[in-house]
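One-letter residues, chain by chain:
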Amino acid sequence: MGVQAKNPFENDDIREDADGQPLDEAYDGGLEGPILTEIDHVAIAVTDLDAAIDDYRETFGATVDHRETVESDGVEEALLKVAESYIQLLAPTNDDSPVAKYLAKKGPGLHHIGYRVADCAAALEAVKAQGHRVIDEKPRPGSRGTTVAFIHPKSLHGVLIELVQE
Ligand code: CO
């Protein structure tokens, strides 16, 4: 009987943080149950907000539930409600905004996904403790009076993720 080759994928109890330090277990931040509770919104970068709203209304009968300019992010957004979630149409308000840069580089398209969480600070700490790269080190105000934090797309399969606490 030969010695069985060790399957590296069985060794999933060894995890490392961003600095290569091993973690004993996935840190759950003391949270009970799943961290993500719902899809809050799917955000789509557009060049012309009114034209995009018209397209969604004419194509799907979707109407604007909330519209807001977030000057600190350099965006104007329109939220179209779909059941308990939103389609968020996102247009830049100036050339320096991250959405303006995104549009210049990639053109209109899917920009990020907002996942609803019960506690943004606890969810962000849990994500950071597992070694993921984040854009916001601390939660900050989002639109609609929400509290939000972004996780870097390179850290989670190429998708920019926003944690959203209502
Ligand atoms: Co968002």
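Our structure is the block above this text.
The paragraphs below set out a description of the structure included in this document. From a predicted model like this one, the values you see are computed outputs, not experimental measurements.

What to know about the coordination of the cobalt ion
Consideration 1: Those donors, His 41 (NE2), His 112 (NE2) and Glu 162 (OE), are the protein atoms that reach the cobalt ion, and they lie 1.9 to 2.1 Å from it.
Consideration 2: The motif formed by the donor residues of the cobalt ion, counted along the single chain, is H-x70-H-x49-E. With His 41 in strand 3 (residues 36-45) and Glu 162 in strand 10 (residues 161-165), the pair connects residues that are 121 residues apart, well separated along the chain. One exposure class covers both His 41 and Glu 162, and it is buried.

Structural notes on the sheet that holds strand 5 (residues 75-82)
Consideration 1: In space, the 8 strands of this open sheet follow the order 4-5-6-3-7-10-9-8, with mixed pairing throughout. Whereas interior strands pair on both sides, the edge strands pair on one side only; in this sheet they are strand 4 (64-70) and strand 8 (140-141).
Consideration 2: Strand direction decides the pairing type here: strand 4 and strand 5, joined by 6 bridges, are antiparallel. Note that in strand 5 the partner of Arg 67 across the bridge is Ala 78.
Consideration 3: Relative to the sheet, helix 1 (residues 49-60) contacts strand 3, strand 4, strand 5 and strand 6 (85-92), its axis offset from that of strand 6 by approximately 150°.
Consideration 4: Docked against the sheet, helix 2 (residues 98-106) engages strand 3, strand 5, strand 6 and strand 7 (109-117), running at close to 85° with respect to strand 6.

Basis of the calculations
- Counting from 1, residues in each chain are numbered in the order their sequence is written.
- Under the rules for a predicted model, residues below a pLDDT of 70 receive no local features and side-chain atom pairs below 80 are neither given nor counted, while totals for whole chains, interfaces and linings still include all residues.
- Note that water and hydrogens are dropped before the side-chain values are worked out from all heavy atoms of the structure.
- The rule for donors is simple: N, O or S, within 2.8 Å of the metal, or within 3.2 Å if the metal is Na, K or Ca. Water isn't counted, so a site may look like it is missing partners.
- Counting from the N terminus, the helices are the DSSP runs of H or I reaching at least four residues and the strands are the DSSP runs of E reaching at least two.
- Residue exposure (1.4 Å probe, protein chains only): buried if accessible area is under 20% of the type maximum, exposed if over 50%, otherwise partly exposed.
- Being paired, for any two strands, means DSSP has found at least two bridges between them.
- Whether two residues are in contact is decided by their heavy atoms, any of which lying within 4.5 Å being enough.
- Only the stretch in contact is used when fitting a helix axis, every axis being a line fitted to C-alpha atoms; angles between N-to-C directions are given from 0 to 180 degrees.

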